[in-house]
Amino acid sequence: MLTIFDCDGTLIDSEGIACSVCAEALTGVGVPYTTEMFARRYAGMPARATWEHVRKAYGVELPEGFNEAINAEIHRRLDAEVTAVAGAREAVMAVEGPCCVASSTGLKQLRKNLATAGLIDLFGDHVFSVSQVRRGKPAPDVFLFAASQMGADPADIIVIEDTVAGVTAARRAGMRAIGFTGANHGGEGLDARLVTAGAGTIIHHMRDLATALKALRG
């Protein structure tokens, strides 16, 4: 049975960094956002879908180079600050059966982030990105791609996710999901929102993952 891990906010404590940069950038163009507000609305969504929603919802035209500038700042901060989520390494090592990563981050940066956080050796080549598929989360594409590459049946896969978009993508892929709130930048009530999206159970620390996996697998 395959276990798929999201990366940002699940394996590495990066979601807060990314959401902070994006919130500051939006505030700078006249769309006031806090880190928590941005995380609640957009965490787990690809950048293209996020900025398209912002344009339509707020009637703003984002300046040329907006996304590129944000990416540069996020990458600069990740390179300097990103760390593994507490207990993540031990949790992955304790999983019975194969594991992989499926993330909304571009493949090159994804592998770099995992290396910086000291986790890349746990997955080897089994790291998959939205840049390898047509649609990002909440579409199921990246999870289905990971399943095909790992030779696994979606019905036999459990996904570990920290965002509504990610849990939604897992459920649309026909996979079960565990919601993780241990690096919670989504604000109050994230656990309830993850359950509403389809998470079979919620864990608040990676030390609880092994027990949750066994319970879902029966």
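Residues numbered from 1 in each chain as written. Predicted model: local features only at pLDDT ≥ 70, side-chain atom pairs only at ≥ 80, totals over all residues. Heavy atoms only, no water.

**Q** What is the right way to read the packing of aromatic side chains from this model?
**A** This model, assessed by the stated rule, comprises eight aromatic pairs. A centroid spacing of 6.0 Å and a plane angle of 80° characterise the contact between Tyr 33 and Tyr 58, whose relative ring orientation is edge-to-face. Taken together, the residues Tyr 33 in the loop between helix H1 (15-28) and helix H2 (35-42) and Tyr 58 in helix H3 (residues 47-58) connect sequence positions 25 residues apart. Joined through ring pairs, the aromatic side chains of Tyr 33, Phe 38, Tyr 42, Trp 51, Tyr 58 and Phe 66 make up one cluster. (Phe/Tyr/Trp six-rings, centres within 6.5 Å; stacked < 30°, edge-to-face > 60°. Helix = DSSP H or I, 4+ residues; strand = E, 2+ residues; numbered from the N terminus.)

**Q** In this structure, what is going on with the packing of helix H8 (residues 164-172) against helix H9 (residues 190-197)? I would like to understand it.
**A** When two helices pack together, their arrangement is given by the angle between the helix axes and the distance between those axes. Put simply, H8 and H9 touch, their axes get as near as 8 Å, and they point 20° apart. Taken as axis vectors, H8 and H9 run roughly parallel relative to one another. Considering the relative orientation of H8 and H9, their crossing is right-handed. Each of Val 164, Val 167, Thr 168 and Arg 171 in H8 lies in contact with H9, whose residues at this interface are Arg 193, Leu 194 and Ala 197. For the contact of H8 with H9, a count of residues per class yields four nonpolar, one polar and two charged. (Axes fitted to C-alpha atoms, helices over the stretch in contact; angles between N-to-C directions. Parallel < 35°, antiparallel > 145°, perpendicular 65-115°, else oblique. Left-handed = near helix turned anticlockwise from the far one by under 90°. Contact = heavy atoms within 4.5 Å. Nonpolar A, V, L, I, M, F, W, Y, C, P; charged D, E, K, R; others polar.)

**Q** Explain the state of the cysteines here, please?
**A** A disulfide bridge is the covalent bond that connects two cysteines by way of their sulfur atoms. All told, the structure shown has zero disulfides when counted by the stated rule. No disulfide involves Cys 7; its sulfur sits 12 Å from that of Cys 100, the nearest cysteine. The exposure class assigned to Cys 7 is buried, which follows from its relative accessible area of 0%. Cys 100 carries a free sulfur, and the closest cysteine sulfur to it, the one in Cys 99, is 7.8 Å from it. (Disulfide = S-S within 2.5 Å. Buried < 20%, exposed > 50% of the residue type's maximum accessible area, 1.4 Å probe, protein only.)

**Q** Is there a simple way to explain the pairing of strand E4 (residues 157-161) in this structure?
**A** Each regular strand carries side chains that alternate between the two faces of the sheet. Of all five residues making up E4, five are buried, and the element is well covered by its neighbours. Judged by which residues are buried, E4 turns out to be covered on both faces: Ile 157, Val 159 and Glu 161 on one side and Ile 158 and Ile 160 on the other are all buried. Pairing geometry for strand E1 (residues 2-5) and E4, over four bridges, is parallel. For Ile 4, the partnering residue across the bridge sits in E4 and is Val 159. Bridging between E4 and strand E5 (residues 176-180) involves four bridges; their strand directions are parallel. Along E5, the bridge assignment pairs Glu 161 with Gly 179. (Pairing = 2+ DSSP bridges.)

**Q** I would appreciate a short explanation of the sheet that holds E5 in the present structure.
**A** Backbone-to-backbone hydrogen bonds join strands into a sheet, with any given pair of strands oriented parallel or antiparallel. Strands sit in the order E3-E2-E1-E4-E5-E6 across an open sheet of six strands; the sheet is parallel. In the strand order of this sheet, the two ends are held by strand E3 (127-129) and strand E6 (201-203), each with one partner. Neighbouring strand axes in the sheet, compared pairwise and without regard to direction, differ in orientation by 25° on average. Pairing between E5 and E6: three bridges, direction parallel.

By themselves, these observations are geometric and do not establish any function.
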